[in-house]
Amino acid sequence: MAQRRECFQIPGVAHSGGGVRGYLPFGTRVGDYLFSGGCMGQDPANGKVVDGAAAQAEYAFRNVRTLLDTAGFSTGDVVRMWVWIKDQSVRPAVDKPWKEMFPDEGSRPAVSFVQADLPAGMVVQLEIIAVRGGRPRRSFYLGDAKGGLYPSGATKADVVCVGALNGKDPRSGVMPADGVEQAAIATDKLKQIMDLADLGLESMGHMLAWYRDHSMREVSNGPYMRLWPIMGDRPARHSVVRAMPPGEIFEIEGMGTIGARRKDLFIPGVFHGGILGIENSLPFGTHTGKLVYSAATYGRNTETGVVGAPEEQAELVMTHTKTLMDRAGITMDDVAHMFLWFTDRKYRDLFNGPWEKWFPRMEDRPARHAIEAGLPGNFVVQVEIIAVAP
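Notes on the structure in this doc start here.

**Overview of the overall build of the chain**
Along its length, the chain carries seven helices and 23 strands. For the chain, whose C-alpha radius of gyration is 19 Å, the value lies close to the compact-globule estimate of 21 Å for 390 residues. Evaluated residue by residue, the chain yields a buried proportion of 59% over its 390 residues. Taking the intrachain contacts of the chain between residues at least 6 apart in sequence as the baseline, contacts between residues at least 24 apart amount to 73%. Accessible area for the chain stands at about 14400 Å²; split by element, carbon and sulfur atoms hold 53% of it.

**Looking at the packing of aromatic side chains**
Under the criterion given, the structure shown has 14 aromatic pairs. Ring geometry for Trp-84 versus Trp-210: centroids 6.3 Å apart, planes at 80 degrees, classification edge-to-face. Taken together, the residues span a long stretch of sequence, with Trp-84 in strand β9 (residues 78-85) and Trp-210 in strand β15 (residues 204-211) at a distance of 126 residues. Counting every residue linked through ring pairs, the aromatic cluster contains Trp-82, Trp-84, Trp-210, Phe-339 and Trp-341. Just above the ring of Tyr-59 sits the side chain of Arg-62; from NZ or CZ to the centre is 4.6 Å. Arg-91 extends its terminal NZ or CZ atom over the ring of Phe-113, reaching a point 4.0 Å from the ring centre.

**Topic: helix α5 (residues 310-328)**
Taking 1.5 Å per residue as the helical rise, α5 with its 19 residues ought to reach 27 Å, and the 27 Å between its terminal C-alpha atoms agrees with that figure. All buried positions along α5 are accounted for by Gln-313, Ala-314, Leu-316, Val-317, Met-318, His-320, Thr-321, Leu-324, Met-325 and Ala-328. Gly-329 lies just past α5 and shows a positive phi near 80 degrees.

**A short note on the pairing of strand β21 (residues 335-342)**
Among the eight residues that make up β21, eight are buried, leaving the element largely enclosed by the rest of the structure. Pairing geometry for β21 and strand β23 (residues 381-388), over seven bridges, is antiparallel. For Phe-342, the partnering residue across the bridge sits in β23 and is Val-381.

**A word on the sheet that holds strand β20 (residues 291-294)**
If you walk across this open sheet you meet the six strands as β18-β19-β20-β23-β21-β22, and the pairing is mixed. Each edge of the open sheet is held by one strand with a lone partner, namely β18 (263-265) and β22 (367-372). Shown here is a sheet whose adjacent strand axes are inclined to one another by a mean of 15 degrees, direction ignored. Pairing of β21 with β22, which is carried by six bridges, proceeds in the parallel orientation. Of the residues in β22, the one forming a bridge with Phe-339 is His-369. α5 contacts β18, β19 (285-288), β20, β21 and β23 of the sheet and is inclined by roughly 25 degrees relative to β23.

Each value, and the rule that gives it
- Residues numbered from 1 in each chain as written.
- Predicted model: local features only at pLDDT ≥ 70, side-chain atom pairs only at ≥ 80, totals over all residues.
- Heavy atoms only, no water.
- Helix = DSSP H or I, 4+ residues; strand = E, 2+ residues; numbered from the N terminus.
- Rg over C-alpha atoms; globule rule 2.2 N^0.38 Å.
- Buried < 20%, exposed > 50% of the residue type's maximum accessible area, 1.4 Å probe, protein only.
- Contact = heavy atoms within 4.5 Å.
- Areas by Shrake-Rupley, 256 points an atom, 1.4 Å probe, with all protein chains shown as cover.
- Phe/Tyr/Trp six-rings, centres within 6.5 Å; stacked < 30°, edge-to-face > 60°.
- Lys NZ or Arg CZ within 6 Å of the ring centre and 35° of its normal.
- Expected span 1.5 Å × (residues − 1).
- Pairing = 2+ DSSP bridges.
- Axes fitted to C-alpha atoms, helices over the stretch in contact; angles between N-to-C directions.

The following block contains the structure:
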């Protein structure tokens, strides 16, 4: 069977892992979709991360452009970008290279600024999804975003992406102190973007919910259930705790396919109890159009029901991912992108053994981005994937 994934490296700029340069692809293409890992501000001339936020942002955008050119895509194909920043002071450094890459405010990708504990010396990383062909990109702006640099959402071809939306009231400009109110406002904004993009409720495939702390995890359940009241017919959703800007408790983002009918996927013996502890109240993944998404896949033993030692968790998250692909009628060869969430950097290398088992060839691997995050309970690692069905 012909290899579906095509992996790309950037000369002079490489992801390292397992002690091997080029261990991870800088980007992976499957069909008309391109996914990057974390694109950092390295100078290709010497492979070193440059000093200063402005310089790092400049080189990160250059490296994204090189990836797009190498993979046969254009800047007009980018439908989604995550901007990972060390802290909020870095954010203005992104404005200049962003405007240079995306000068037309009516045709810019959806964007999410996410504060994260980046590797030593790094203050900004970029991550993209691009779609080749189909209808040209359109941008959508709401509230504070109107007339600004960064759209609230975008569509390219039949793909709709919604950037991270907060709970600030667009009428008053006030950020409520209550997390439930913030979640309701943010989810209402999500629905507005969906309406503008002609994305039906049945066509939303995946949502990422950001929280200030674990005590806030339940605040989004009410708005979520109002939009998707029927168990077994809901988007996949992953809840992640991270540092938030002052006053913010909750943000939401999403991705879907226009005209597609979502199919929910479940893994026997492993369940999400994300709403009031009800088993399978959230799907483990969805198949929406060409794309298959997982929520957070974690290492629960299906026989004992126990989340075990870190080594077992690392093995089981990949086993469960394989089961999810089986349920979707595709294979691990179709996985194009993976978020690896871990509680401590030492678990990133622990995951390399299972990674190499399922993806043994460096030239045939998904794009992967490892992010330190606050995970619930005794989880030390979770994975989240996007696959492209044949």
